[in-house]
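So you can see what is in the structure, the chains are spelled out below.
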2 protein chains.
Amino acid sequence: MARVMFDLCGAGDERFSPYCWRSRMALAHKGLDVETRATPFTGIGQMTGGFSRTVPVLEDHGARISDSFAIALHLEETYPEAPSLFGGAGGRALSRFVESWANSLHGPILKAVILDIHDRLAPDDRAYFRDSREKRFGTTLEALQADRETHREAFRASLLPMRLMLKAQPFIGGEAPLFADYILFGTLQWPRMVSDFPMLAEGDAVAAWFERCLDLHDGLGRMALRR
Amino acid sequence: MARVMFDLCGAGDERFSPYCWRSRMALAHKGLDVETRATPFTGIGQMTGGFSRTVPVLEDHGARISDSFAIALHLEETYPEAPSLFGGAGGRALSRFVESWANSLHGPILKAVILDIHDRLAPDDRAYFRDSREKRFGTTLEALQADRETHREAFRASLLPMRLMLKAQPFIGGEAPLFADYILFGTLQWPRMVSDFPMLAEGDAVAAWFERCLDLHDGLGRMALRR
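Residues numbered from 1 in each chain as written. Chains lettered and ligands numbered in written order. Predicted model: local features only at pLDDT ≥ 70, side-chain atom pairs only at ≥ 80, totals over all residues.

## A short note on the overall build of chain A
Definition in use: Counting from the N terminus, the helices are the DSSP runs of H or I reaching at least four residues and the strands are the DSSP runs of E reaching at least two. Put simply, the radius of gyration uses C-alpha atoms, and a globule should come to 2.2 Å times the residue count raised to 0.38. Exposure in this text rests on C-beta crowding, where 20 or more other C-beta atoms within 10 Å of a residue's own make it buried, 12 or fewer make it exposed, and counts in between make it partly exposed. The C-beta atoms are placed from the backbone. Our contact criterion uses C-beta atoms placed from the backbone: two residues qualify when those atoms are within 7 Å.
A tally of regular secondary structure across chain A gives 11 helices and four strands. Against the 2.2 N^0.38 benchmark of 17 Å for 227 residues, chain A shows a C-alpha radius of gyration of 17 Å, consistent with a compact globule. Along the first, second and third principal axes, the C-alpha atoms of chain A reach 50 × 45 × 30 Å. Here chain A holds 227 residues, and 45% of them are scored as buried. Put simply, of all contacts in chain A between residues at least 6 apart along the chain, 71% involve residues at least 24 apart.

Encoded structure:
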């Protein structure tokens, strides 16, 4: 296989990284086959030969790219005949804003499901994850997740811009999805893959948009293995 | 003059509407002359011959358009040779997201400067503004603005996506501004035009971006009359 993506994995091979999902969807949007290689947190450095400390990493016919936005740029440049991920230079620039906005949701999401993430990991990854995240937040994973209702409330309030936009059009990309949609999709697929705690409220227009995204590309996001 | 824009005004002819500023900047971006017609809240219906209850309204060689986004779409379609406001179809679609995000900031901004807005208005507009806004919020303008520090704090926290994005590029449009920048510019020019209460913190990267926007188009935003 000429195209390989290193993809974060749980102990049961769950693929849950928001950034990896952005790249998976971008590859599917371009109609490109890829072998995804299950990569634990503590295996990234070794598996990528020291190239990157984070995933996704894409190997594509000799090119090697880390960072989901850089991967999207690479795909857009390398496969210009396939459906565009950005819809032009303006869409490419504005996707950076959508990325920044979506990433600003990661704090409350992480805190709401942080113990669930931990519980999905293999033993070595669990130790690494607990240690690094408890240091970052200055408290235990258990204490963080105990306040999950509060974190979810903050998260849901932050979705207001999407709710307003969805009155005007069904996707961030307009009538059809672009990479900007996959950015937010990855953000929301992340808790969905590791937790039964529903981050989106039933009846929220954002939940309906997310369902539409789960259907894309032959249900790529929906069919993914959850345990 | 073949091109007229009805533009919200204060008693001293201050132009402060966030939506009107979006259109002013869009017209300047396209290099188009326009006569802006000072329009008080209570004069919109009569001055536009019942066409619209809100401004901006643009009259452009027989076409008549209300709503700042619709005006940008009109300008992009009518003047394709002039610099693009969207940078392609993707940028056009994603600008809707930026609009929704920027509009979600309007609540905290309005509450932080609502009495200052009131005080800039002509007598008839003051009565209309106080009555409609106090009904909407269920409290007095004075009570809302008394909590302005809290509203400003919420507003500043909401700017995090811009702060993150500005690490990657100087404008939402990338290396140069697009309509998406004017959307947020209008949002921030609104309190600047009516109040001495500084909404942006000194040293915030968003403040530096705003200063860059004030310099655009021969300082159109910076030169505007404030009292």
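## A few points about the nonpolar core
In a soluble, globular protein the nonpolar side chains are often hidden away together inside. Applied cut-off: Residues enter a nonpolar core if they are buried, belong to Ala, Val, Leu, Ile, Met, Phe, Trp, Tyr or Cys, and are joined to the set through C-beta atoms within 7 Å.
Counting 120 residues, the largest nonpolar core has Val-98 of chain A together with Val-98 of chain B as its most contacted members. When sequence neighbours within four positions are dropped, the list of residues in contact with Val-98 of chain B reads Leu-94 and Phe-97 of chain A together with Ile-172, Ala-180, Ile-183 and Leu-184 of chain B.

## Comments concerning the domain arrangement of chain A
Residues and elements named next belong to chain A. The test is simple: The domain limits used here are those given by an automatic or database domain assignment. The classification used treats Ala, Val, Leu, Ile, Met, Phe, Trp, Tyr, Cys and Pro as nonpolar, Asp, Glu, Lys and Arg as charged, and all other residues, Gly among them, as polar.
On domain assignment, one finds that chain A holds domain 1 (3-86) and domain 2 (95-218). Each of domain 1 and domain 2 was reduced to a C-alpha centroid, and the two centroids are 19 Å apart. Opposite the 22 residues of domain 1 that make contact, domain 2 presents 21 residues. Counting only elements with at least two residues in the side of domain 1 that touches domain 2, the list comes to α1 (18-29) and α3 (68-78). Looking at which element gives the most residues to the side of domain 1 that touches domain 2, the answer is α1, with eight residues. Partitioned by chemical class, the residues of the side of domain 1 that touches domain 2 number 14 nonpolar, five polar and three charged.

## Brief notes about the interface of chain B and chain A
Taken residue by residue, the interface counts 27 residues in chain B and 27 residues in chain A. Per element, the largest residue contribution to the side of chain B that touches chain A is 12 residues, and it comes from helix α4 (residues 89-103) of chain B.

## Notes on the relation of the copies chain B and chain A
Quick note on the threshold: When the copies are superposed, the least-squares fit takes in the C-alpha atoms of residues with a pLDDT of at least 70 in both.
Turning chain B through 180° and shifting it by 0.0 Å along the axis lays it on chain A, with an RMSD of 0.0 Å. Here the copies are linked by what is in effect a two-fold axis. The rotation axis passes nearest to the C-alpha of Gly-91 of chain B in chain B, at a distance of 1.9 Å. In this assembly, 100% of the residues forming the interface of chain B have copies in chain A that are likewise at the interface, indicating an isologous arrangement.

## Remarks on the pairing of strand β1 (residues 3-8) of chain B
All names here are of chain B. Condition: Two strands qualify as a pair provided that DSSP identifies no fewer than 2 bridges between them. Consider the strands pointing away from the viewer: the crossover is right-handed when the path from the first strand over the helix to the second runs clockwise.
Examined bridge by bridge, β1 and strand β3 (residues 57-60) share four bridges and lie antiparallel to one another. Within β3, the residue paired with Val-4 across the bridge is Glu-59. Both β1 and strand β2 (residues 35-39) contribute to a ladder of five bridges, which runs parallel. When the sheet's bridge partners are listed, Phe-6 is paired in β2 with Arg-37. Since β1 and β2 lie parallel, the crossover through helix α1 (residues 18-29) that links them has a hand, and here it is right-handed.

## As for the confidence of the model for chain A
The condition that has to hold: As a per-residue quantity, pLDDT reports the predictor's confidence and falls between 0 and 100.
Looking at chain A as a whole, its pLDDT mean stands at 97, while 100% of the residues score no less than 70. Across the assembled chains, the prediction reports ipTM 0.97 with pTM 0.97.

## Examining unusual backbone geometry
Note the cis peptide between Val-55 of chain A and Pro-56 of chain A, where omega equals 5°. Here Pro-56 of chain A lies in the loop between α2 (44-47) and β3 (57-60). Positive phi, close to 85°, is recorded for Asp-67 of chain B, a residue that is not glycine. Among the secondary structure elements, Asp-67 of chain B is positioned in the loop between β4 (63-66) and α3 (68-78). Residue classification places Asp-67 of chain B among the partly exposed residues on the basis of 18 C-beta atoms within 10 Å.

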